[in-house]
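The residues making up each chain are set out below.
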Amino acid sequence: MSGTVDPVVARDDRYFWEGVAQRRLLIQRCTQCGVLRHPPAPMCGSCGSLEWDAQQASGRGRVLTWILSHHPNHPDVPARVVVLVELDEGVRLVSNLVDVPNDDPYAEYDDLGVMVDFREHDGVLLPVFAPVVAG
Amino acid sequence: MNGEVIVAGIGQTEFSKDSRRSELQLAAEATRAAIADAGLTPADIDGMVTFTIDSNDELSMMRTLGVKELRYWSRTPHGGVGACTTVQHAAIAVASGAADAVLVYRAFNERSGRRFGQPLRQVGPRTLDWYTTFGITTPAQMYSLWFRRYMDEYGATNEDFGRYTVVARRHAATNPNAWFYQRPITLADHQESRWICEPVLRLLDCCQESDGAVALVVARAERARDLPRAAVRIEAAADAHLGGGSVMYNYYHPDLAAFPEAEFLARQLWQRTGLAPDDIDVAMFYENFSPIVFYQLEAFGFCKRGEAKDFIADGNIDLDGSIPVNTNGGLLGEAYIHGLNNILEGVRQVRGTAANQVARVEHVLVAAGQSGLVLGRA
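This one's a predicted model, so the numbers in the text were calculated from it and none came from an experiment.

A. Layout of the pairing of strand S9 (residues 282-285) of chain B. Residue and element names in this part refer to chain B. Covered by surrounding structure in S9 are Val282 and Met284 together with Ala283 and Phe285, the residues of both alternating faces. Bridge count between S9 and strand S10 (residues 363-367): four bridges; the pairing is parallel. Looking at S10, one finds that Ala283 is bridged to Leu365.

B. Local environment of the sheet that holds strand S8 (residues 232-239) of chain B. Residues and elements named next belong to chain B. Strand order in the open sheet made by the nine strands is S3-S2-S4-S7-S1-S8-S11-S10-S9, with mixed pairing throughout. Single-partner strands in this sheet number two, and they are strand S3 (72-76) and S9. Shown here is a sheet whose adjacent strand axes are inclined to one another by a mean of 25 degrees, direction ignored.

C. Layout of the environment of Cys197(B). Mapped onto the elements of the fold, Cys197(B) is located in strand S5 (residues 195-197). When the 27 C-beta atoms within 10 Å are taken as the criterion, Cys197(B) is described as buried. Measuring from C-alpha to C-alpha, the distance between Cys197(B) and Thr132(B) comes to 16 Å, with 65 residues separating the pair along the chain. Once residues within four sequence positions are removed from consideration, Cys197(B) is found in contact with Ile67(A), Ala140(B), Gln141(B) and Ser144(B).

D. Local environment of the domain arrangement of chain B. Residue and element names in this part refer to chain B. For chain B, the assigned domains are domain 1 (5-113 + 211-233) and domain 2 (129-204 + 236-373). Between domain 1 and domain 2, the C-alpha centre-to-centre distance is 24 Å. Looking at the side of domain 1 that touches domain 2, the elements that each hand over two or more residues are strand S1 (5-12), helix H3 (83-96) and strand S7 (211-220). With seven residues, the single largest contributor to the side of domain 1 that touches domain 2 is H3.

E. Up close: the domain arrangement of chain A. All names here are of chain A. Taken as a whole, chain A is organised into domain 1 (8-56) and domain 2 (58-135). Taking only C-alpha atoms into account, the centre of domain 1 sits 22 Å from that of domain 2. Every element with two or more residues in the side of domain 1 that touches domain 2 is listed here: helix H1 (14-21) and strand S2 (36-37). A breakdown of the residues in the side of domain 1 that touches domain 2 according to their chemical character gives five nonpolar, one polar and two charged.

F. Representation of the packing of helix H1 (residues 23-37) of chain B against helix H2 (residues 58-65) of chain B in the model. Residue and element names in this part refer to chain B. Running from N to C, H1 and H2 point in directions that differ by 60 degrees, and their axes come no closer than 10 Å. Compared by their axis directions, H1 and H2 come out oblique. Crossing of H1 over H2 shows right-handed handedness. Contacts between H1 and H2 involve Leu24, Ala27, Ala28, Thr31 and Arg32 on the former and, on the latter, Ser60, Met61, Thr64 and Leu65. Each residue belonging to the contact of H1 with H2 can be placed in one class, and the counts come to five nonpolar, three polar and one charged.

G. Spatial organisation of the interface of chain A and chain B. Opposite the 28 residues of chain A that make contact, chain B presents 31 residues. Elements represented by at least two residues in the side of chain A that touches chain B include exactly strand S4 (60-69), strand S5 (80-87) and strand S6 (92-96) of chain A. For the side of chain A that touches chain B, the element with the most residues is S4(A), which contributes six residues.

H. How the structure looks around the sheet that holds strand S3 (residues 52-56) of chain A. Residues and elements named next belong to chain A. Across the sheet, three strands lie side by side as S2-S1-S3; this open sheet has antiparallel pairing. Across the chains shown, the open sheet's two edge strands, defined by having one partner strand only, are S2 and S3. The pairing of strand S1 (residues 26-30) with S3 spans five bridges and is classified as antiparallel. Note that in S3 the partner of Arg29 across the bridge is Asp53.

I. The pairing of strand S8 (residues 124-131) of chain A, seen in detail. Residue and element names in this part refer to chain A. Taken together, the eight bridges between strand S7 (residues 113-121) and S8 define a ladder with antiparallel strand orientation. Bridged to Asp117 within S8 is Val128. Two successive antiparallel strands, S7 and S8, enclose a turn made up of two residues, where Asp122 displays a positive phi of approximately 50 degrees.

J. Molecular detail of the nonpolar core. Membership of the largest hydrophobic core comes to 156 residues, with the highest contact counts inside it found for Val87(B), Val102(B), Leu216(B), Val217(B) and Val218(B). Among the elements that make up this core, the one with the highest residue count is helix H5 (residues 139-154) of chain B (eight residues).

K. Inspection of helix H9 (residues 291-299) of chain B at higher detail. Residue and element names in this part refer to chain B. Taken across its nine residues, H9 has nine buried, putting it largely inside the fold. Packing partners of the buried residues in H9 comprise H5, helix H6 (158-173), helix H8 (260-273), S9, helix H10 (308-313) and S10. Trailing H9 by a residue or two, Gly301 shows a phi angle of about 80 degrees, which is positive.

L. Just the environment of Arg21(B), in detail. Residues and elements named next belong to chain B. Tracing the chain through its elements places Arg21 in the loop between S1 and H1. Residue class for Arg21 comes out partly exposed when judged on the 13 C-beta atoms lying within 10 Å of it. Linking Arg21 and Asp211, residues 190 residues apart in sequence, is a C-alpha distance of 9.6 Å.

M. Highlighting the confidence of the model for chain A. Mean pLDDT over chain A: 92, with 92% of residues reaching 70 or higher. Within chain A, H1(A) has the poorest average pLDDT of any element, 92, and S5(A) the best, 98.

N. Spotlight on the confidence of the model for chain B. All names here are of chain B. Of the residues in chain B, 97% have a pLDDT of 70 or more, and the chain-wide mean is 94. Segment residues 122-126: pLDDT under 50, and twelve contacts once partners within four positions in sequence are set aside and those in other chains are kept. Taken over the whole predicted complex, pTM reads 0.95, whereas the ipTM for its chain interfaces reads 0.92.

O. Representation of unusual backbone geometry. Across the junction of His38(A) and Pro39(A), the peptide omega takes the value 0 degrees, indicating a cis bond. With respect to the helices and strands, the residue Pro39(A) is situated in the loop between S2 and S3. A cis amide bond links Glu198(B) with the next residue in sequence, Pro199(B), at an omega value of 0 degrees. You can see Pro199(B) is positioned in the loop between S5 and strand S6 (201-202). Unusually for a residue other than glycine, Asp111(A) sits at a positive phi of about 70 degrees.

Reading the values: rules and limits
- Residues numbered from 1 in each chain as written.
- Chains lettered and ligands numbered in written order.
- Predicted model: local features only at pLDDT ≥ 70, side-chain atom pairs only at ≥ 80, totals over all residues.
- Buried ≥ 20, exposed ≤ 12 C-beta atoms within 10 Å, placed from the backbone.
- Helix = DSSP H or I, 4+ residues; strand = E, 2+ residues; numbered from the N terminus.
- Pairing = 2+ DSSP bridges.
- Axes fitted to C-alpha atoms, helices over the stretch in contact; angles between N-to-C directions.
- Contact = placed C-beta atoms within 7 Å.
- Domains from an automatic or database assignment.
- Nonpolar A, V, L, I, M, F, W, Y, C, P; charged D, E, K, R; others polar.
- Parallel < 35°, antiparallel > 145°, perpendicular 65-115°, else oblique.
- Left-handed = near helix turned anticlockwise from the far one by under 90°.
- Core = buried A, V, L, I, M, F, W, Y, C linked by C-beta atoms within 7 Å.
- pLDDT = per-residue confidence, 0-100.

Okay, here's the thing in structure tokens:
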């Protein structure tokens, strides 16, 4: 069975997944007051405006916290490193850390610098993050 | 609540892993027991409150119990977060005159039927798909992502969490209502249980999956005169939600090693009652997972930030400690009836009828992270 629960592409979220399809990480931005928001919302919680656009994120961020996620019922499904990332722009999103071992629950990823990438997981293209290599 | 609203009666079924009867029957048994405990009949009930996800609709409950006229009903969202919200709704209804005697209930076959600990399927927009898509499919994973920040910040370990479980199981071991009655564990037992999300949660850090039902009757204080048992006053009831929040866990607030909603809840309850942590004789904390007790001990000011592990290790939450916690064994030791069973224990502690009775109880704090009560003598 698939290890991925497909994203729900609802009206307010569609821009995000359309961006992912083009390998772009988009953040919703209020065009009236400029506040960024994620997860998406149809109205700006700061100024009340319904007007927004989606700006392309730098893709740079850092890991705030993480876990190794084993599928609870399917031990053969490879574990995923789940991270809470804070982008340089200040918004946070849950994603996966790739290009790191997925078998060490004691690795140290707090504060790790990361950069967005786009990878297929069980046929679904997802925005994920890879460690930024120094230099 | 200014003292005018009481918990007049409580009732429950046995707590099991397979009730062998319908959820409606469980609800009927527990509510009927609560009504009788209050010295009332079903005809006296004119309000009902339960969780949005409870399967027992109000009209079925009326038909099953023989309730004739219902003047008020309400449901509370987000599951266990709203465990105390149910009582708040009932108390507001009674205080406002919308109803005189409100039944609060929660009934499910959560072990033999739909199990909450299983991975989520696609659950719909606006909520969890931002997490499920990336491999956070169970509550244990959802919460561990938050708990880990606390561990890293304060050097807390899974062994520290295990010390809470040992206390909860010790309390359950002497509570005949508890599923784990007469089955205490050692820290070594905890450390030998399998990992659910290494290095955060082991099996014995997780609440039970339970079948069963519990119920309360909330009524006007004047009723207290006619009660067969001591009335328990609802001294304060509050909800506490913050913009940017999530359902009980914290991914978006600035400080991930804290539980800002519980801090907000504490501020409200202390302000409304004029009480302070030192005035509380028993604390009942909702614990889907052991670390949530640590956050709540700190949020309510029973100990300082990051010190819950030492506070627990020093025996403070034991029955003879400075603040006995989850004296029924909690949701890990007694049963997981979505947190409502912890409110019943609070009522028993004030009445003086708990299996593990604490001496001279004046005030009990019941907190489910984002909803809470202070119960006291009427």
